[in-house]
Amino acid sequence: MSSRRAPLIVILGVLLPVFLVLGVWLGGHPEDLPGFARGSAFEQNHQTQVVDEALARISSDYYRPISKSQLANSSIAGAVASLDDRFSHYLTPKEFHEFNSPPSFTGIGVVVSPEHRGLAIARVFDTSPAQHAGLRAGEVIVAVNGRKLAGLSADAATSLIKGPPGTEVALGILRPANVAGSAHAPSSPPSSSSSSSSSSSGSHSAPAAHATTRTVRITRAVISEPVVASETRTVHGVKLGVVELASFSPESHGEVATAVEKELHEGVRGLVFDLRANGGGLVEEARLIASLFIAHGTIVSTRGRTQPSETIVATGHPLAPTIPMVVLVDHNTASSSEITTAALQDHHRATVVGTHTFGKGVFQEEEPLSNGGALDITVGEYFTPDGRNLGGGGVKQGAGITPEVSLANNVVDTPQGLDAALETLAAKVK
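The rules behind the values
Residues numbered from 1 in each chain as written. Predicted model: local features only at pLDDT ≥ 70, side-chain atom pairs only at ≥ 80, totals over all residues. Heavy atoms only, no water. Helix = DSSP H or I, 4+ residues; strand = E, 2+ residues; numbered from the N terminus. Buried < 20%, exposed > 50% of the residue type's maximum accessible area, 1.4 Å probe, protein only. Contact = heavy atoms within 4.5 Å. Areas by Shrake-Rupley, 256 points an atom, 1.4 Å probe, with all protein chains shown as cover. Polar contact = N/O pair within 3.5 Å; in protein donor to acceptor, adjacent residues only side chain to side chain. Pairing = 2+ DSSP bridges. Axes fitted to C-alpha atoms, helices over the stretch in contact; angles between N-to-C directions. Parallel < 35°, antiparallel > 145°, perpendicular 65-115°, else oblique. Left-handed = near helix turned anticlockwise from the far one by under 90°. Nonpolar A, V, L, I, M, F, W, Y, C, P; charged D, E, K, R; others polar.

Before going further, it helps to examine the overall build of the chain. Within the chain one finds 11 helices and 19 strands. Counting every position in the chain, which comprises 430 residues, the buried fraction comes to 44%. For the chain, the share of sequence-separated contacts (at least 6 apart) that also reach a separation of at least 24 residues comes to 73%. Summed over all atoms, the accessible surface of the chain reaches about 21300 Å², with 56% contributed by carbon and sulfur.

One can find R349 in the loop between α9 (336-346) and β16 (351-354). From its side chain, R349 meets the backbone oxygen of P321 in a polar contact 2.9 Å long. Among all residues touching R349, those that are not within four sequence positions of it are F293, I294, A320, P321, T322, I323, M325, L344 and K428.

The buried fraction of strand β18 (residues 374-383) is high, at 8 of 10 residues. Here strand β13 (residues 298-303) runs beside β18; their pairing, made up of 3 bridges, is antiparallel. Looking across to β18, one finds that T302 is bridged to Y382. When strand β17 (residues 362-368) meets β18, the two strands line up antiparallel, connected through 7 bridges. Bridging across to β18, P368 finds its partner in A374.

So, on to the packing of helix α7 (residues 252-265) against helix α8 (residues 283-290). Put simply, α7 and α8 touch, their axes get as near as 9 Å, and they point 20° apart. On the basis of their axis angle, the class for α7 and α8 is roughly parallel. As α7 packs across α8, the resulting crossing turns out to be right-handed. Here S252, H253 and V256 of α7 lie close against α8, whose contacting residues are E285, L288 and I289. Grouping the constituent residues of the contact of α7 with α8 by class yields 3 nonpolar, 2 polar and 1 charged.

Another point: the environment of A133. For A133, the location among the structural elements is in the loop between α5 (129-132) and β5 (140-144). Overall, the relative accessible area of 26% leaves A133 in the partly exposed class. Contacts of A133, omitting those with residues within four sequence positions, involve V216 and I218.

Of note in the backbone geometry, D84 takes a positive phi value of approximately 55° without being a glycine. Relative to the assigned elements, D84 resides in the loop between α3 (68-81) and β1 (89-91). For D84, a relative accessible area of 67% gives the class exposed. One non-glycine residue, N145, lies in positive phi territory at about 50°. Along the chain, the position of N145 falls in the loop between β5 and β6 (147-148).

Another aspect to go through is the environment of I121. Position of I121 among the secondary structure elements: in strand β4 (residues 118-124). For the pair I121 and I173, spaced 52 residues apart in sequence, the C-alpha separation works out to 9.9 Å.

Strand pairing in a sheet relies on backbone hydrogen bonds, with the paired strands running either antiparallel or parallel. Ordered in space as β10-β11-β12-β15-β16-β19, the 6 strands form an open sheet in which the pairing is mixed. Looking at the sheet topology across the chains shown, the edges are occupied by β10 (228-235) and β19 (405-406). In terms of strand pairing, β10 meets strand β11 (residues 238-245) through 8 bridges, oriented antiparallel. Within β11, the residue paired with T232 across the bridge is G241.

A separate point is the packing of α8 against α9. Where α8 contacts α9, the two axes come as close as 9 Å, and the packing angle between them is 25°. In terms of axis orientation, α8 runs roughly parallel to α9. Crossing angle aside, the handedness with which α8 passes α9 is right-handed. Contacts between α8 and α9 involve V283, A286, I289 and A290 from the former and S336, I339 and T340 from the latter. For the contact of α8 with α9, a count of residues per class yields 5 nonpolar, 2 polar and no charged.

And the structure:
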């Protein structure tokens, strides 16, 4: 060994432990780093420490015991609420478990949508306990077993209504003055479910004058409401088919295909695709269902800050690519329903009849968390084949799809709404 290198090795041997201790210290005390070295990493770490510190202080010093899990759930929910995005939600472990549980098909038999006072009733199933109890579309469920629903998430509110068949639930029902004999009147996209479930988006509506509230006791039951229903109608001597889709749930494209094949076998010369009160569902189902009627081309494109841009195209295996079509929509036609409707409209495959649709131009992604809960947050926007975004910019509600044939709000969700769609289709076929 060179005598010149010996002092250097000795110096390094002395300084190495010093550097090691200094590195450990600064790693645990980044605030002692010089400003140029701290940067955003320190700020992010500091903010996380502040949140942890605040939760620890509340847990230890609050005048009554409060669990750390409750504090964590509330903190995450508050963070998501601060986004001011009606479509983004935090699901607690319990809510996420219920969200992913197989449907039990028990409930009272209504389709609901979130509303600032509770849950607005969009549809009451025929022969259901809700119908027997006199519930009407347009009414608002404001309480369940004495607990007010204002301020609860849609999932939490509907979970209070659900329960085993044969059990009773007491509902506080608000009936606005203008729904005494109406059919459908809510203002945000509902989900269709036999177990009283709801979509994850809502809207505020102005309180109606002279509204009345009553308590209704309903016995839960097994509800069998098909996702797809179809019928054959004859208008001015023209045989036409009607296919109604309640939601874009898993495998719903297969049910739609079966219904369309049945109508084609009946010899229909045109189809009404009824998407009224359909709050949407899976984007992939929208692609597969639109592909039944569109031979090729773009169905929808998506963009996001961290999501790669994607153009989703037709499968190339259409079932009925040329049959004349009408899509019947209302203000509760949203999300995947709007994707399908816009694709059919932009490809000139269907005439849209009804009112402006809901106007949702964003999509969400479910992101599980380590505590068993999940974030369901907006991650991107979607655009129609012609490049339209149906929202109002970001998470704002937009104008939606403009129908070629407009119907009044008090007509579209009545039998006369379907009659108008059939008349339009019959004229198209002739």
